[in-house]
Amino acid sequence: MSVANGEISREIGDINLAYMLLAQKLVKQDRVAAMFRLGVSSELADMLAGMSLAQILKLAASNFLLCSFRLDEHASMSAVVGEGKDTMLQQAHMSILMSARSLQTRKAAVPA
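Keep in mind that what you see is a predicted model, and the values were worked out from it rather than measured. (Residues numbered from 1 in each chain as written. Predicted model: local features only at pLDDT ≥ 70, side-chain atom pairs only at ≥ 80, totals over all residues. Heavy atoms only, no water.)

Notes on the nonpolar core
In terms of nonpolar packing, the biggest core is built from twelve residues, these being Met20, Ala23, Leu26, Val27, Ala34, Met35, Leu38, Val40, Ala45, Leu48, Met51 and Ile56. The set of elements that each furnish at least two residues to this core consists of helix H1 (3-29), helix H2 (31-38) and helix H3 (42-50). The element best represented in this core is H1, accounting for four residues. Apart from the residues lying within four places of it in its own chain, the contact partners of Leu38 are Tyr19, Ala23, Leu26, Val27, Leu48 and Arg70. (Core = buried A, V, L, I, M, F, W, Y, C linked by side-chain atoms within 4.5 Å. Buried < 20%, exposed > 50% of the residue type's maximum accessible area, 1.4 Å probe, protein only. Helix = DSSP H or I, 4+ residues; strand = E, 2+ residues; numbered from the N terminus. Contact = heavy atoms within 4.5 Å.)

Considerations on H1
Under the 1.5 Å per step criterion, the end-to-end length of H1 is 39 Å for 27 residues, consistent within 8% with the ideal 39 Å. Gly6, Ser9, Ile12, Gly13, Asn16, Met20, Ala23, Gln24, Leu26 and Val27 are the residues of H1 that are buried. (Expected span 1.5 Å × (residues − 1).)

Details of the environment of Ser99
Among the structural elements, Ser99 can be located in helix H6 (residues 87-109). What makes Ser99 partly exposed here is its relative accessible area of 32%.

Examining the pattern of salt bridges
Counted by the stated rule, this structure contains one salt bridge. In this structure, Asp46 and Arg31 form a salt bridge, with 3.0 Å as the shortest nitrogen-oxygen distance. Note that Asp46 is positioned in helix H3 and Arg31 in helix H2, a separation of 15 residues in sequence. For Asp46, a relative accessible area of 45% puts it in the partly exposed group. The exposure class assigned to Arg31 is partly exposed, which follows from its relative accessible area of 31%. (Salt bridge = Lys/Arg side-chain N within 4 Å of Asp/Glu carboxyl O.)

See the structure below:
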């Protein structure tokens, strides 16, 4: 592994650790709001809340980012960051997109 790759792996681990600790804190403070903000299921929220520090450290040490973009489509990202939009309008668009995505995820999880 090159020095650059080793540094990137350490930075990914740092981001993973910060993300996991923040996610757990959010879930413990307000489970419902955390589920919406993180885009996680009830089962995953319960798992996050119950993880030990050792489990979090072990998971965070991965070479793969544990967090991901929730706006994974170019059209959605462009709509939110478009030129001329003020911060309040961007926040409103982001909330609408996240709410719609949350509903789609729930509908997909419910058996027909």
